[in-house]
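An overview of the molecular structure
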Amino acid sequence: MGGCFSVSLPCDQVVSQFSKLLCVRGSYIHNLSENLASLEKAMRVLKAQQYDVIRRLEREEFTGRQQRLSQVQVWLTSVLIIQNQFDDLLSSKEVELQRLCLCGFCSKDLKLSYRYGKRVIMMLREVESLRSQGFFDVVAEATPFAEVDEIPFQPTIVGQEIMLEKAWNSLMEDGSGILGLYGMGGVGKTTLLTKINNKFSKIGDRFDVVIWVVVSRSSTVRKIQRDIAEKVGLGGMEWGEKNDNQIAVDIHNVLRRRKFVLLLDDIWEKVNLKAVGVPYPSKDNGCKVAFTTRSRDVCGRMGVDDPMEVSCLQPEESWDLFQMIVGKNTLGSHPDIPGLARKVARKCRGLPLALNVIGEAMACKRTVHEWSHAIDVLTSSATDFSGMEDEILHVLKYSYDNLNGELMKSCFLYCSLFPEDYLIDKEGLVDYWICEGFINEKEGRERTLNQGYEILGTLVRACLLLEEEKNKSNVKMHDVVREMALWISSDLGKQKEKCVVRAGVGLCEVPKVKDWNTVRKLSLMNNEIEEIFDSHECAALTTLFLQKNDMVKISAEFFRCMPHLVVLDLSENQSLNELPEEISQLASLRYFNLSYTCIHQLPVGLWTLKKLIHLNLEHMSRLGSILGISNLWNLRTLGLRDSKLLLDMSLVKELQLLEHLEVVTLDISSSLVAEPLLCSHRLVECIKEVDIKYLKEESVRVLTLPTMGNLRRLGIKMCGMREIKIERTTSSSSRNKTPTTPCFSNLSSFFIAKCHGLKDLTWLLFAPNLTFLEVGFSKEVEDIISAEKAEEHSSAAIVPFRKLETLHLLELRGLKRIYAETLPFPCLKVIHVEKCEKLRKLPLDSESGIAGEELIIYYGERKWIERVEWEDQATQLRFLPSSRWRWRETQ
């Protein structure tokens, strides 16, 4: 029996242990009522504890600068869980108590009562544990970062969805660090940036912090630093003792460890991120900076070379926004109101600020009379409209105030003299500025033009002028900006007669003015005024625009009392056939434009206007003579092109006497004049535009063109020359017979027609900036550029037509080639070929034209395009899809 063993325990110990176990388990049942009461009491205390902690958290988290401790959040979560368990336990309380019997010492179902009683005891212990853990000295701590402070905004700007998506995608590109949004005041830049800010709240934890700073015109580095510091949890009493550099170090030390987004609203000059303490955003750190400004120049200074322009709304988008603001009830109050409301909306020209302000003003107007009156006020004197001055013009005026110097401001205000939405020719505008004295004409034509174009560029980049996308030679003014300019010109509405502008409003007579002596500028252009009989004392008048009217007669008295008139424009009054001799009393006149009038004889008194520097007599179909013009010894610009005036030797001699002449446009229609004129170096240097016409073969077999560095436009028609050559000029240090510089460096447009003796136009090699070329109705032209002659003209290889944008080839029956080799044509947009049967091949390959843009080839005959010999299949695939039958398209 060696495998057996025995254990002996005292009998009383076994009984004791069993009794304890039976007592504990029995208490689950017979103490159930007391245990439930204790649990309910403990839960009431725990809930009160929970409420106190939550209240503390709400107070400390209210500013967004405190974040609850993790242990506090864990405790609150545990309390919530136990609350749910308690509610579930309590739901079966009555059933469990009714199950007890024998005064609570036993149960009708011992197993169920035991389990329930045990749950009560275990939960009581857990509640007591949570109560003991729920005493916190600190429930939250200061946090340096909150992800995004959402900014409220009125969702009233419609039509920005595409713009928002474009801006967002541009900012979020991996290689993108800075986004610049620019546009005129009131166009919705801040709203767009606000939407970008709020969009960051929806992308989770990709960025540690998004910082919004309103910069404004008066901001300093310290102010920007303070706003950033508040966001990232810096600051305190010690900051008042630190300088900007020390604060920048503090900000940099915080931000360099974080992936941040900085949004700067309304900046007026470069914000030096380094001086502020902001690490420069890059692909490596993944940080982003976006800003809004009214100036494209600021975008450039911020290192953004391709900023995004926030433009005005399109007409239908404007109407949608206007309807939203005015409301359905007002628009539906009368059947005529929607049509009138559209007219009011159009007056805002898509500017959201104007649409909002004017829409709010009209929201309660429910009669046709009120809406009609609103249209009248906005048309005649928009500054009188409710809210226009305080809520719109003052906002826009910040852009004007930010212009550098009185010269820039004067040039800007001058643009308001033109009608609404009027395309203003840039060079013509600069001529006005020169004659007004804004720009000193004595600096020389090139320098004054450059200065004028610099001013225009600044105004365009400041979003105070709009540049045409297709025609860069024009600018225009947004209608609301124009109202702002007129308001400023009238001393903020205090002297409305100081600048009287009623251009393009359908006037049939000169408007009434209370005090003509206060008028300094008067613009009545683009109206229907036929006669002027009145005489007014206009002692302060300097500028008078009367162009594009139906003028037939101007009384002799009209010009008697304008001693300080500097600019007088009477152009495009095609029924005006005479001027009074009293024009001679305009002793201060510097600018006089009579182009496109029918005046046949100029007043003798005109030659006494010694201060005149600009005289335009172009397109005067009846003008017979200008003998005596040499008396205008200060004249610098003279326009004679396309007038009936015959340029003869006596007139050439008079022109040679004008010592200050810098610009002249003219026609040459006599071989007797052509040679001496083109041999006059000083006059040739002045020629800006010239038409050579009606020169017969017997008189000029070879037309030799001298170097004409200032020539912009050249036309040759109905001439019999057999060849066009260029005058050979060489440098003094070289024996090379080729020109040292391009002969026609500024020539941009060339037209030639009905010159049947010419074989080629190889001389165009020396017009490197040619943008427009039209060759037509010249039956013997075989080459535009002859390869053989090109070699003779230049020893160096010249690639022609590098700036050419438009090429027209019309009815050239003998044309075989444009050029012998393929050309890059990096700027070419349009080729138009018509009735050029022998032209089989275009000098194109698959890389020609503007990369990524369509080069359109118009053709007049369907058979021609079918016979074109393409360089290769890739070239055909590149250009054949964009070839179009001209006549079918224009029907």
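Residues numbered from 1 in each chain as written. Predicted model: local features only at pLDDT ≥ 70, side-chain atom pairs only at ≥ 80, totals over all residues. Heavy atoms only, no water.

- The name given to the protein chain in an unreviewed UniProt entry is nb-arc, and the organism recorded there is Arabidopsis suecica.
- As recorded by UniProt, the Sequence similarities (unreviewed entry) comment attached to the protein chain reads in full: "Belongs to the disease resistance NB-LRR family." (UniProt positions renumbered as here; feature names shortened; annotations may be inferred.)

**Re the sheet that holds strand S5 (residues 178–182)**
- Overall, parallel pairing links the 5 strands, which are arranged S6-S7-S8-S5-S9 in an open sheet. Edge positions in the sheet fall to strand S6 (209–214) and strand S9 (308–309), since each of these pairs with one other strand and no more.
- Both strand S7 (residues 260–267) and strand S8 (residues 288–293) contribute to a ladder of 5 bridges, which runs parallel. Within the sheet, the bridge partner assigned to Leu262 lies in S8 and is Val289.
- Where helix H7 (residues 189–199) meets the sheet, it contacts S5, S6, S7 and S8, and its direction lies at approximately 150° from that of S5. (Pairing = 2+ DSSP bridges. Helix = DSSP H or I, 4+ residues; strand = E, 2+ residues; numbered from the N terminus. Contact = heavy atoms within 4.5 Å. Axes fitted to C-alpha atoms, helices over the stretch in contact; angles between N-to-C directions.)

**Brief notes about the packing of helix H12 (residues 315–326) against helix H15 (residues 352–362)**
- Two numbers describe how H12 lies on H15: the axes approach to 8 Å, and their chain directions differ by 35°. The hand of the H12/H15 crossing is right-handed. Of the residues in H15, those touching H12 at Ser318, Leu321, Phe322, Ile325 and Val326 are Pro352, Leu355, Asn356, Ile358, Gly359, Glu360 and Met362. (Left-handed = near helix turned anticlockwise from the far one by under 90°.)

**Points about the sheet that holds strand S11 (residues 466–467)**
- The strand order across the open sheet built from 3 strands is S10-S12-S11, with neighbouring strands paired in antiparallel fashion. Here the strands that pair on one side only, and so sit at the sheet edges, are strand S10 (424–425) and S11.
- Strand direction decides the pairing type here: S10 and strand S12 (residues 474–476), joined by 2 bridges, are antiparallel. Bridge pairing in S12 places Asp425 opposite Asn474.

**Side note on the pairing of S7**
- Taken across its 8 residues, S7 has 7 buried, putting it largely inside the fold.
- For S6 and S7, the ladder comprises 6 bridges, and the chain directions are parallel. Residue Trp212 lies in a different strand from S7, and its bridge partner there is Leu263. (Buried < 20%, exposed > 50% of the residue type's maximum accessible area, 1.4 Å probe, protein only.)

**Quick word on the environment of Leu638**
- Mapped onto the secondary structure, Leu638 falls in strand S21 (residues 637–639).
- Placed 49 residues apart in sequence, Leu638 and Ile687 show a C-alpha to C-alpha distance of 9.7 Å.
- Not counting residues up to four positions away in its chain, the partners in contact with Leu638 are Leu615, Ile629, Leu655, Leu661, Val663, Val664 and Thr665.

**A look at the packing of aromatic side chains**
- Tallied over the full model, the rule gives 19 aromatic pairs.
- Taken together, a centroid distance of 5.7 Å and an interplanar angle of 80° make the contact between Trp75 and Phe136 edge-to-face. Residue Trp75 is located in helix H3 (residues 70–90), and its partner Phe136 is located in the loop between helix H5 (110–133) and strand S4 (140–142); the two are separated by 61 residues in the primary sequence. Just as Trp75 is buried, Phe136 falls in that class too.
- Aromatic pair Tyr432 and Phe545: ring centres 5.0 Å apart, planes at 40°, arrangement tilted. Pair noted here: Tyr432 is in helix H19 (residues 426–436) and Phe545 is in strand S16 (residues 543–545), with a separation of 113 residues, a long-range link. Exposure class is identical for Tyr432 and Phe545. Each is buried.
- Grouping aromatic residues by their ring pairs yields a cluster made of Tyr414, Phe418, Tyr422, Tyr432, Phe438, Phe545 and Tyr591. (Phe/Tyr/Trp six-rings, centres within 6.5 Å; stacked < 30°, edge-to-face > 60°.)

**Here's the deal with the nonpolar core**
- Core analysis: the largest hydrophobic core is formed by 128 residues, its most contacted members being Phe200, Ile228, Leu262, Phe322, Phe412, Trp433 and Met484.
- Those residues in contact with Phe322, other than ones at most four positions away along the chain, are Ala341, Val344, Ala345, Leu355, Ile358, Gly359 and Trp371.
- Counting residues in hydrophobic clusters, the runner-up holds 123 residues, among them Leu524, Leu541, Val690 and Trp885. (Core = buried A, V, L, I, M, F, W, Y, C linked by side-chain atoms within 4.5 Å.)

**What to know about a negative patch on the surface**
- Side chains of Glu528, Glu530, Glu531 and Asp550 sit close together on the surface and give a patch of like negative charge.
- Looking at the secondary structure, you find Asp550 in the loop between S16 and strand S17 (553–554). (Patch = residues over 30% accessible without salt bridge, like charges linked within 9 Å, V, L, I, M, F, W, Y side chains within 5 Å. Areas by Shrake-Rupley, 256 points an atom, 1.4 Å probe, with all protein chains shown as cover. Salt bridge = Lys/Arg side-chain N within 4 Å of Asp/Glu carboxyl O. Lys, Arg positive; Asp, Glu negative; His and termini not counted. Charge placed at Lys NZ, Arg CZ, Asp CG, Glu CD.)

**Description of the environment of Thr190**
- Take Thr190: it is sitting in helix H7.
- Distance in space between the C-alpha atoms of Thr190 and Val214 is 9.6 Å, their sequence separation being 24 residues.
- In contact with Thr190, other than residues within four places in its own chain, are Trp212 and Asp265.
- Of note is the side chain of Thr190, whose polar atom sits 2.9 Å from the side chain of Asp265. (Polar contact = N/O pair within 3.5 Å; in protein donor to acceptor, adjacent residues only side chain to side chain.)

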